[in-house]
Amino acid sequence: MIQMEDGYLYYPGCTLKTKASDYEESSKKVMEALGKPLVEMDNWYCCGAVQSLATDDIMHQIAAVRTMLCAQEQGERELVTLCDMCYNVLKQANKRMKEKPDELETMNEFLDEDPDYEGQVEVHHIFELFRDMKDEIKKLVKKPLDGLNVVTYYGCMLLRPNHVSIDNTEDPMIMEDILELLGANTIVNPKRTECCGSYHTVNRGDIVENRVEEIVARAAEDGADVIALSCPLCQFNLDYHQRVSDHKIPVLYLTELMALSFGMEAGLKKHKINPRGALKDFLE
Amino acid sequence: MADQEEQNMIDIYVMGRRYRVPEGLTIMTALEYAGYKYVRGCGCRGGFCGACSTVYRKEDDYKLKMDLACQTAVEDGMFLVQLPFVPALREAYEIEDVDPGEKDNVLLDLYPEIARCVSCNTCSKACPQDIEVMDYVQAALRGDVERTAKLSFDCLHCGLCSIRCPADIKHYHLAQLARRLKGRYLDLDSSELEKRIKELEEGIYTEEYEEMLKMTIDELKKCYEERKFEEEG
Amino acid sequence: MKVKRDLEFLEKVEELSGESVNACIRCGTCSAGCPFVEEMDVLPERIFKRIVLGDREGIMKNNTMWICAACFTCSVRCPRDIDIAKIMEAVRLTLLREDIDMVDLDGLDNIEELPQLAVVGCFRKETG
Ligand code: FES
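These numbers come from a predicted model, not from an experiment. Residue positions are given per chain, counting from 1 as you read along its sequence in written order. Following the order in which they are written, the chains are lettered starting with A and the ligands numbered starting with 1. Reporting of local features is limited, given that this is a predicted model, to residues whose pLDDT is at least 70; pairs of side-chain atoms are given and counted only at 80 or more, and all residues count toward the totals for whole chains, interfaces and linings. By convention in this description, side-chain values take in all heavy atoms of the structure and omit both hydrogens and water.

1. Structural notes on the overall build of chain A
Okay, so step 1: Each helix corresponds to a stretch of at least 4 residues labelled H or I by DSSP, and each strand to a stretch of at least 2 residues labelled E; elements are numbered beginning at the N terminus. When helices and strands are tallied, chain A shows ten helices and eight strands.
Okay, so step 2: Two things to know: the radius of gyration comes from C-alpha atoms, and the globule rule equals 2.2 Å times the number of residues to the power 0.38. Relative to the globule expectation of 19 Å for 284 residues, the C-alpha radius of gyration of chain A, 19 Å, shows essentially globular dimensions.
Okay, so step 3: With the C-alpha coordinates of chain A rotated into their principal frame, the extents come out at 55 × 45 × 30 Å.
Okay, so step 4: In this scheme, a residue with accessible area under 20% of its type's maximum is buried, one over 50% is exposed, and one in between is partly exposed, where area comes from a 1.4 Å probe on protein chains only. The buried share of chain A, taken over its 284 residues, is 62%.
Okay, so step 5: Carbon and sulfur atoms make up 46% of the accessible area of chain A, which totals about 10100 Å².
Okay, so step 6: Charged side chains of chain A number 31 positive and 50 negative; the gap between the two group centres comes to 5 Å. Per-residue accessibility takes into account occlusion by the displayed protein chains alone, with areas from the Shrake-Rupley method and a 1.4 Å probe. For the charge count, each Lys or Arg is scored as positive and each Asp or Glu as negative, with His and the chain ends excluded. Lys charges are placed at NZ, Arg charges at CZ, Asp charges at CG and Glu charges at CD.

Structure below.
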């Protein structure tokens, strides 16, 4: 059993193992430096990426509940996600099970080869941990990101629906607060809570291109050197779909910037728009 | 005497019709005892070929069970149906174009429906080989070819997983692809293999082979029975 | 054009979404904040009206519910507290549950470059 004082039980999600490995690597290094390493769950299941919203749809909650059950069986009550979509789905599904005991019962009956899920696990996003570790973060900043203009991008899944939001739905500051500790200039941009186009990237790239153009054009207007975020799908969309844009603003995971300010290099490998130019003052 | 014989007989139902068959037979032999003849849906009779998938329910059980007909004993009150073939699509690929070291989503690309997995575990419950089918599908979705190949190693391609899947995943074809990728890209090349191929090409067995071709059936049988096993290790 | 009324449609959508379609006052807040509204052929609040009218056939010809990516912006802003994303989902499901796919799985040629969560999300919202 992992003692929570020593670290956090971590749910990766599928994409963190491939396209978003920069995010996993940088988050692990940052948490390690903060003395609270991320310990990956022994077993976990794909969350489903988008929450199924129908009242009668229990089937699409199974994967999330199985994951909670894995945490429970590892003797843990707190579960940390990095990916915004995983966070949102696990959090919503978990809430649903807690609030609807009859559904939880149906679920447990269906999962008859496993122990019952008792509904005791809590899901957190890594930013919530950072919010509680501001002093520790500040102490670790060795190379302040002086002069780096960062536009934050929250997207949807950290903020909506209301009942799973990690911050003020319309005016979040959680990322800005962390970036300030790192010494960066933060720019509050009205597009930061607008959807990037999400899964339409699969078969309606045109929709995503329009969304991305609006978001990056505003960021450029605001003088952004880089955009900071946490969702692997937002990262992909904003990064990849700028190929048809005149703008080429690097799109970084917040933890990549944190690592940099801690004097470590982490991630920065899989970006389509190379961030090294924008970050050259802070790289060795 | 009649009584005792009666005791050893049990009732099974084949596609709705009742038959009395002796206890202790496999499903396959019981069906043959009842007068059915396997033309398809039967191969090795030894639990290796996966041709004999069967679905049944036991009396008083609400669950459908899946198994291999050649490996499972009949029980009293079994309701049976045979499923000789699963018409699941197998994707074509060029093995040289699908290097998992270079590509993240090789498996997902050829079998995109794995993204529809809901983790219901119905596949694993259906598997007569007790493979953790759901877990290898999940590994495949993460791009973990090695784990997919390892977990699926005992698969016989009976197809019961795929016929039960609510997401229309073709588990066994996916798993075979993973194992082939492992063989081609992930496993170390064996120096022994190269050596052996060279020996074969140089014809170390040619003489022996030609001798065998001249043997009668009985000589061949004797030869087989007296064959030597290679020493372990 | 006369609307062919499907009187059970409203009931079905309310049942699947758990939301009241009739609570909508057509204020247009949902459409005003929707980041996808330019891609939609009919505004979200017009869909509400069509649901009430039982115009299932008409709705199915629109792309509105397929463009909606469940970003929940409308849901958090609706002055009548209607979780509009749930209603869009319900409308989608009435079609998907007939075993219909809105995305051609075998026709996708870009999967290698996509992050898995995009593919998973798309299939959950667009396959039956
Ligand atoms: S006949 Fe080959 S496995 Fe049963």
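2. Quick word on helix α7 (residues 174–181) of chain A
Residues spaced three or four apart along an α-helix point in a common direction, a consequence of the helix completing one turn every 3.6 residues.
All names here are of chain A.
Okay, so step 1: The buried fraction of α7 amounts to six of the eight residues, a majority that puts the element mostly inside the structure.
Okay, so step 2: What α7 keeps buried is the set Ile174, Met175, Glu176, Ile178, Leu179 and Leu181.
Okay, so step 3: Contacts between residues were defined by any pair of non-hydrogen atoms, one from each residue, lying within 4.5 Å. Packing partners of the buried residues in α7 comprise α5 (126–131), α6 (134–140), β5 (149–152), β6 (185–187), β7 (226–229) and α10 (254–261).
Okay, so step 4: Just beyond α7, the residue with positive phi is Gly183, at close to 90°.

3. So, the sheet that holds strand β3 (residues 53–58) of chain B
Residues and elements named next belong to chain B.
Okay, so step 1: Here a strand pair is declared whenever DSSP counts at least two bridges between the two strands. One open sheet holds the five strands; their spatial order is β2-β1-β5-β3-β4, and the pairing between them is mixed. Edge positions in the open sheet fall to β2 (17–22) and β4 (65–68), since each of these has one partner strand only. Neighbour-to-neighbour, the strand axes of this sheet turn through a mean angle of 35°, independent of strand direction.
Okay, so step 2: Relative to β4, β3 runs antiparallel, the two sharing four bridges. By the bridge assignment for β4, Thr54 is matched with Asp67. Axes here refer to lines fitted to C-alpha atoms; in helices the fit is confined to the stretch in contact. Angles between the N-to-C directions go from 0 to 180 degrees.

4. Describing the pairing of strand β5 (residues 78–82) of chain B
Residue and element names in this part refer to chain B.
Okay, so step 1: The side-chain alternation of β5 yields one buried face, formed by Met78, Leu80 and Gln82, and one unburied face, formed by Phe79 and Val81.
Okay, so step 2: Bridge count between β3 and β5: five bridges; the pairing is antiparallel. Counted as the bridge partner of Lys58 is Met78 from β5.

5. Points about the state of the cysteines
Okay, so step 1: For the purposes of this analysis, a disulfide is any pair of cysteine sulfur atoms at a distance within 2.5 Å. All told, the structure shown has zero disulfides over all chains when counted by the stated rule.
Okay, so step 2: The closest cysteine sulfur to the non-disulfide-bonded Cys195 of chain A is located on Cys156 of chain A, 3.9 Å from its own sulfur.

6. Concerning the interface of chain A and chain B
Okay, so step 1: On the side of chain B, 15 residues touch chain A, which itself brings 17 residues to the contact.
Okay, so step 2: Simply put, the buried area is the total loss of 1.4 Å probe accessible area from both parts when two parts are fitted together. Of the roughly 1400 Å² buried where chain A meets chain B, counting both sides, 50% is carbon and sulfur surface.
Okay, so step 3: Basic side-chain nitrogens of Lys or Arg form a salt bridge, by our definition, when they fall within 4 Å of a carboxyl oxygen of Asp or Glu. Between Lys270 of chain A and Asp104 of chain B there is a salt bridge, and its shortest N-O distance comes to 4.0 Å.
Okay, so step 4: As used in this structure description, the phrase polar contact means that two N or O atoms lie within 3.5 Å; if the pair is within protein, one of them must be able to donate a hydrogen and the other to accept it, and residues adjacent in sequence are counted only when both atoms belong to side chains. Our count for the contact surface shared by chain A and chain B stands at eight residue pairs in polar contact (both at pLDDT 80 or more).
Okay, so step 5: Gly is placed with the polar residues, together with every amino acid not listed as nonpolar (Ala, Val, Leu, Ile, Met, Phe, Trp, Tyr, Cys and Pro) or charged (Asp, Glu, Lys and Arg). Classifying every residue of the side of chain A that touches chain B gives eight nonpolar, three polar and six charged.

7. Points about a negative patch on the surface
All names here are of chain A.
Okay, so step 1: Nonpolar side chains (Val, Leu, Ile, Met, Phe, Trp, Tyr) within 5 Å and like charges within 9 Å form the patches, drawn only from residues with over 30% relative accessible area and no salt bridge. Residues Glu73, Asp102, Glu105, Glu109, Asp116 and Glu118 make up a contiguous surface patch of negative charge.
Okay, so step 2: Per-element accounting of the negative patch gives the leading share, three residues, to helix α4 (residues 101–110).
Okay, so step 3: Structurally, Glu109 can be placed in helix α4.
Okay, so step 4: Residue Glu109 is classed as exposed on the basis of its relative accessible area of 55%.

8. Notes on the domain arrangement of chain A
Residue and element names in this part refer to chain A.
Okay, so step 1: What the domain assignment reports for chain A is domain 1 (8–127) and domain 2 (142–283).
Okay, so step 2: For domain 1 and domain 2, the distance between their C-alpha centres works out to 24 Å.
Okay, so step 3: Each partner contributes residues to the interface: domain 1 has 26 residues there, and domain 2 has 33 residues.
Okay, so step 4: Considering only the side of domain 1, the residues that lose the most area to domain 2 are Asp22, Asp84 and Phe127, jointly responsible for 30% of the buried surface there.
Okay, so step 5: Our count for the contact surface shared by domain 1 and domain 2 stands at one salt bridge.
Okay, so step 6: Measuring nitrogen to oxygen at the nearest pair gives 2.6 Å for the salt bridge that ties Lys269 to Glu25.
Okay, so step 7: Summed over the shared surface of domain 1 and domain 2, the number is 14 residue pairs in polar contact (both at pLDDT 80 or more). Residue ranges for the domains trace back to a domain assignment, done automatically or taken from a database.

9. Quick look at the interface of chain C and chain A
Okay, so step 1: Facing the 40 residues of chain C at the interface are 43 residues of chain A.
Okay, so step 2: Here chain C packs against chain A, burying approximately 3600 Å² in sum over the two surfaces, 61% of which is carbon and sulfur.
Okay, so step 3: Looking at the side of chain C facing chain A, the largest losses of area belong to Phe72, Leu117 and Arg124 of chain C, adding up to 19% of the total buried there.
Okay, so step 4: Run the count over chain C and chain A and you get three salt bridges.

10. A look at the pairing of β5 of chain A
Residues and elements named next belong to chain A.
Okay, so step 1: Two strands pair when backbone bridges link them, and β5 and β6 are joined in this way by three bridges, in the parallel orientation. The residue of β6 that forms the bridge with Val150 is Thr186.
Okay, so step 2: In this fold, the crossover linking β5 to β6 by way of α7 has right-handed handedness.
Okay, so step 3: Note: β5 against β7, three bridges, orientation parallel. Pairing of Val151 across the sheet is with Ile227, part of β7. Handedness rule for crossovers: strands pointing away from the viewer, path from the first strand over the helix to the second running clockwise, crossover right-handed.

11. What about the packing of helix α1 (residues 7–17) of chain C against helix α7 (residues 84–96) of chain C?
Residue and element names in this part refer to chain C.
Okay, so step 1: The contact between α1 and α7 brings their axes to 8 Å, and the two run at 120°. Judged by the inter-axis angle, α1 sits oblique to α7. The hand of the α1/α7 crossing is right-handed. Here α1 contributes Phe9, Lys12, Val13, Leu16 and Ser17 to the contact with α7, which in turn contributes Lys86, Ile87, Ala90, Val91, Leu93 and Thr94. Oblique is the label for every angle not falling under 35 degrees (roughly parallel), over 145 degrees (roughly antiparallel), or within 65 to 115 degrees (roughly perpendicular). Here a crossing is taken to be left-handed if its near helix is turned anticlockwise relative to the far helix by less than a right angle, and right-handed if that turn runs clockwise.

12. Regarding the environment of Leu104 of chain A
All names here are of chain A.
Okay, so step 1: Tracing the backbone through its elements, the reader meets Leu104 in helix α4.
Okay, so step 2: Spatially, the C-alpha atoms of Leu104 and Tyr117 are 7.8 Å apart, while their sequence positions differ by 13 residues.
Okay, so step 3: The residues contacting Leu104, other than those within four sequence positions of it, are Met97 and Tyr117.

13. Things to note about the side chain of Glu176 of chain A
All names here are of chain A.
Okay, so step 1: Looking at where Glu176 falls in the secondary structure, it is placed in helix α7.
Okay, so step 2: Side chain to side chain, Glu176 and Arg192 meet in a polar contact 2.7 Å long.
Okay, so step 3: If we skip the residues at most four places from it in the chain, Glu176 touches Thr152, Tyr154, Thr186, Val188 and Arg192.

14. Some details on the packing of helix α3 (residues 44–53) of chain C against α7 of chain C
Residues and elements named next belong to chain C.
Okay, so step 1: Interaxial distance between α3 and α7 falls to 12 Å at its minimum, and their mutual angle equals 55°. Overall, the two elements α3 and α7 adopt an arrangement that is oblique. The crossing of α3 and α7 is left-handed. Of α7, the residues touching α3 (which contributes Pro44, Ile47, Phe48 and Ile51) are Ile84, Ile87, Met88 and Val91.
Okay, so step 2: For the contact of α3 with α7, the residue count by class is eight nonpolar, no polar and no charged.

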